[in-house]
Amino acid sequence: MDDAPHYKFVGTRPIRPDGVEKVTGRAAYGADMVLPGMLHGRVLRSPHAHARIKSIDTSAAEKLSGVKAVMTAADMPEIPNELAPAGEMMVNFREVSDNILARTKVLYDGHAVAAVAATSPSIAEAACKLIKVEYEVLPHVIDPVAAMADDAPVLHDHIFTEGLPEKPSKPSNVAKRIEIGTGDIEAGFKDADVVIEREFNTAAVHQGYIEPHACLANFTFDGQTTLFCSTQGHFVVRAICAKVLQMELSRLRVTASEIGGGFGGKTVVYLEPLSIVLSRKSGRPVKMVMSREDVFRASGPTSGANVWVKMGIKKDGTLVAGEAVLKYQAGAYPGSPVQPGCMCAFAPYDMANVKVVGYDVVTNRPKVAAYRAPGAPISEYAVESVVDELAKAVGIDPIDVRIKNAAKEGTRAAYGPKFGPIGYLDLLNKVKESEHYKAPLGKNQGRGIAAGFWFNIGGESCATININEDGTIGLVEGSPDIGGSRASMALMAAETLGVSTDRIKPIIADTASLGYTFLTGGSRTTFATGMAVTQAAQNAIQQLRERAAKIWDIPVEAVEWEDGFARPTSSNAGDFEPLSIGDIAAKAGKTGGPIVGRAEINAAGAAPGFGAHICDVEVDEETGRVTVTRYTAVQDVGKAIHPSYVEGQLQGGAAQGIGWALNEEYIYDKNGKLDNPGFLDYRMPVASDLPMIETILVECPNPNHPYGVRGVGETPIIPPMAAVANAVAAATGVRMTDLPMSPPKVLAALGNANGGGDD
Amino acid sequence: MARVVLPTSVARQFAAATEFEVAAANVRAMLEALDTQHPGLRREIEDTMALAIDGEIYQDYMLEPLQPESEVFVVPKIGGG
């Protein structure tokens, strides 16, 4: 018998509330806002990968007609070199400030050095060319393994490796060493019948959002600033700008624009403090927009990495030991996602003996930023590749090895806690039973599967339900909508209130109009903000019942809320016609004034996400091109509030992961200059490259959420790299251990390099 | 007594054991007990770490109740994309 709750609105697919504005081109993205008297800002960027700034002369730029302000790091407060709280993390704001505008050294090609505001973009660009910067060029290092060598150029004199038994005597590019584990790793390997170890390399890849970073700041002489920007978290933008510019939070009001993609990359601040300072210096609004080249050179990709994995299996398919060493590049400042990479590496498996060591390594590249499930895709790619080899070595179907060793409710993860209810085993069985997994393959084709795990988080969110005078509803929340979350919020409010979504208008409030709401990231929004919206709706219902009780002159306990109406609980309470929200709202003035439901929460209880993907590829032996011919993403989604957007998350994650697997990489020349800062040379998949990504949603509700929500946005980018690599191995018999598996590398691996090669 | 497990890196920093048995009715009392044994440990945990209490992860915490059989893992705070 199906004992799952039956919902009227949750699980349906209404048109998204922001859809019309987007398809008619009227939605306001970061670069779309215009103010009277507005200036245009531009940034002068370093041409060197590593250099000391000896002097900056802005005098010629300041004299250029049309230039209204020029700034360098000297126009920003000096921030102490210490950790300070920033939202949920501790951050070294000295490094944040230095990354926004270099103070003494440039640490990567594209590092911002100065900024200009002028009456036109062309004048601002001309002024940047007039700024004279004298550099002392220093040796640089791009690769994380090279950066760990004793003779590598050291980026920072103040970084001494943390996590070692003794504090080192000299500075290092290794910011931190991490170790996690459980059981006895050596005993585990002794117990194994087959042990395989492999070394992998992954490339740094960019989030690839279509909309570049953009913002518009307007400083007024009463000391107030308004800021309009494209971001995943405008409250976090406010906090970071206020910290690096030493402002009071109340003096900065930030509005999130519509956002053309973020994927973690828009949790970071680059232009915003510059536009505020330039506006303050010029007394005019200042708009700043990155070019695509700026985006690639100066905004965060995720880490490239070197990963070594060793695993052991028994002949019956039991995985007995897993060991890994992860070396993640952080870019110019510490803070790669190696920690979650360590924690996630073996998380899909119920395995007794695990040891993972991770290194956070600074290199002369842009500081990495979050990218969907930060750190997990890299380590899990390596582990899932080795699991595939182990399964073949013992002659067991790879899906059966995963089913046999799957983490379940009660399994203790290597990083400590036990899992609650999870649908991982269910979804693996769905993979095995799927038509795709059984479908025949053609010549030069192969099939691979891989799994993925991500934690998911909760956090702080606020929501308000305004009952309008006509009974329609204004839903106010603070989470920028990247993946259709406004539609999901409206659905949860509709289900709770018992009214149709077309009666509910969701909006995202600015930082002065709602309480603190943490950013859209960590797959938290539908879970945490959805919980706040549900509680705000419940709060509104309580008030609606109280108002109905006043109208009927009966106790509130004698009023119930059902299907959008207040009704007497029984005939004993009185014989009254049900009152709609509109009926009650029309009399709100007589019963106590406006009705506003609200909730302010710090949501805990986010349930983890598990997924598994099936990938078919065809390998052209003459060109080395790998074509994905069929792809299915299967995931435990808790409860799909709006299934279309959940499917979209799975499809988008798979597409990005396929790009990571096959084509995307940063290419630096010998001077450390980025050679491919554009979409022509940095090759992301486009629609014509991919088949329709099929999806299978498995719903194992999260018991901690009123509608069972689990975050879904990050897990889908974890399995693709290994799924593709395992498919390539099945098609060719060759194990690829370097990403991307671009045609020259595939040709070289096939021993058929007709003019190709691994360059 | 609740079982509290520290990550190796934090334990090493405070020359502490990785596992403790703590009699505490809530997280605040637990942290106070740890801090009494290892001054500064409470601040380090509160500033940089999350707690997994009986399998559920809390990024922020103070008054969460603990049972005698509770298991508390101190884990790094998780962000996300």
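Now for a look at the structure at hand. (Residues numbered from 1 in each chain as written. Chains lettered and ligands numbered in written order. Predicted model: local features only at pLDDT ≥ 70, side-chain atom pairs only at ≥ 80, totals over all residues.)

Here we take up the interface of chain B and chain A. A common measure of how large an interface is: the accessible area buried when the components associate. Listed by partner, the interface residues are 21 residues for chain B and 34 residues for chain A. Sorting the residues of the side of chain B that touches chain A by element identifies α1 (8-13), α3 (41-48), β4 (56-58) and β5 (71-76) of chain B as the ones contributing at least two each. Among the residues making up the side of chain B that touches chain A, the classes are represented as eight nonpolar, eight polar and five charged. (Contact = placed C-beta atoms within 7 Å. Helix = DSSP H or I, 4+ residues; strand = E, 2+ residues; numbered from the N terminus. Nonpolar A, V, L, I, M, F, W, Y, C, P; charged D, E, K, R; others polar.)

With that settled, consider the nonpolar core. All names here are of chain A. In terms of nonpolar packing, the biggest core is built from 257 residues, with Val116, Leu274, Ala493, Val724, Val728 and Met741 touching the most fellow members. If you tally residues by element for this core, the top one is helix α16 (residues 525-552), at eleven residues. Setting aside its immediate chain neighbours within four residues, valine 728 contacts Gly446, Val617, Val619, Val626, Met736 and Met741. (Core = buried A, V, L, I, M, F, W, Y, C linked by C-beta atoms within 7 Å. Buried ≥ 20, exposed ≤ 12 C-beta atoms within 10 Å, placed from the backbone.)

The next subject is the packing of helix α3 (residues 93-100) of chain A against helix α7 (residues 234-245) of chain A. Residues and elements named next belong to chain A. For the pair α3 and α7, interaxial distance at closest approach is 10 Å and the crossing angle is 90°. The angle between α3 and α7 falls in the class roughly perpendicular. Between α3 and α7, the contacting residues are Phe93, Val96, Ser97 and Ile100 on the first element and Ile240, Lys243 and Val244 on the second. Among the residues forming the contact of α3 with α7, the class breakdown is five nonpolar, one polar and one charged. (Axes fitted to C-alpha atoms, helices over the stretch in contact; angles between N-to-C directions. Parallel < 35°, antiparallel > 145°, perpendicular 65-115°, else oblique.)

For the rest of this paragraph, the subject is helix α11 (residues 376-393) of chain A. The terminal C-alpha atoms of α11 of chain A, which comprises 18 residues, lie 25 Å apart, in line with the 26 Å expected from a rise of 1.5 Å per residue. Most of α11 of chain A sits inside the fold, with 15 of its 18 residues counted as buried. (Expected span 1.5 Å × (residues − 1).)

Next up on the list: unusual backbone geometry. All names here are of chain A. Note that the residue after leucine 739, namely proline 740, is joined by a cis bond; omega there is 0°. Within the secondary structure, proline 740 is located in the loop between α20 (720-732) and α21 (743-749). In this structure, asparagine 444 takes a positive phi of about 60° despite not being glycine. Relative to the elements of secondary structure, asparagine 444 occurs in the loop between α14 (435-438) and β20 (445-454). Take asparagine 444: there are 13 C-beta atoms within 10 Å of it, and that puts it in the partly exposed class.

Attention shifts here to helix α4 (residues 121-130) of chain A. Residue and element names in this part refer to chain A. All buried positions along α4 are accounted for by Ile123, Ala124, Ala127 and Cys128. The buried side chains of α4 occupy one side of the element, clustering within an arc of 145° when seen end-on. Structurally, α4 contributes buried residues whose contacts are with β1 (39-45), α2 (59-63), β3 (67-71) and β7 (112-118). (Arc of directions from axis to C-beta.)

Residues and elements named next belong to chain A. An order of β6-β2-β8 is seen for the three strands of this open sheet, with the pairing classed as antiparallel. Sheet topology places β6 (105-106) and β8 (132-137) at the edges, where each strand pairs with a single neighbour. Of the strand pairs in this sheet, strand β2 (residues 51-57) and β6 are connected by two bridges, and their pairing is antiparallel. The residue bridging arginine 52 from the neighbouring strand is lysine 105, located in β6. (Pairing = 2+ DSSP bridges.)

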